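# Analysis of the macromolecular model
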Amino acid sequence: MNNDIALKYYDIADEYATEAAKPVSDAERDALAHYFQQLITRLMNNEEISEEAQQEMATLAGVDAQRIDDIAEFLNRWGNE
C-alpha cells in the first residue's frame, strides 16, 4: 500500500475489483488506487477529463490502458448510485 494514497481510494479500487470485466490482481491494487485518486480529484475540481488525460493518468499510475473504459463505466454507475 502506498502511504500517499488515501484509504478511500483503495476502497474504491477494491469495489471496482469486484465488478471489473477483467479480474484484478493484487499487484494492480496500488496502481488502481492511484488512478482513482487522480480521476476523482479532477472530478471534484470540476476539471475536464479527456480521453487523452485518462490515458496519461493511467500511464502515470501504471494501469493497463485496456481498463480505462471499464473504469469509466464503473465510475459512472458508482456516481449514479
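The name given to the protein chain in an unreviewed UniProt entry is YmjA family protein, with Citrobacter meridianamericanus as the source organism.

## Some details on the overall build of the protein chain
Each helix and strand in the protein chain was counted, giving four helices and zero strands. Counting from the amino terminus, helix and strand elements in the protein chain follow one another as α-α-α-α. Its C-alpha atoms give the protein chain a radius of gyration of 12 Å, near enough to 12 Å, the size a compact globule of 81 residues would have. Considering only C-alpha atoms, the protein chain reaches an extent of 30 × 25 × 25 Å along its principal axes. Residue burial in the protein chain is summarised as follows: out of 81 residues, 37% are buried.

## Things to note about the environment of Asn45
Relative to the helices and strands, Asn45 is located in the loop between α2 (29-44) and α3 (51-61). With relative accessibility at 49%, the residue Asn45 sits in the partly exposed group. Residues Asn45 and Phe74, 29 residues apart in the sequence, show an inter-C-alpha distance of 20 Å.

The rules behind the values
- Residues numbered from 1 in each chain as written.
- Predicted model: local features only at pLDDT ≥ 70, side-chain atom pairs only at ≥ 80, totals over all residues.
- Heavy atoms only, no water.
- Helix = DSSP H or I, 4+ residues; strand = E, 2+ residues; numbered from the N terminus.
- Rg over C-alpha atoms; globule rule 2.2 N^0.38 Å.
- Buried < 20%, exposed > 50% of the residue type's maximum accessible area, 1.4 Å probe, protein only.

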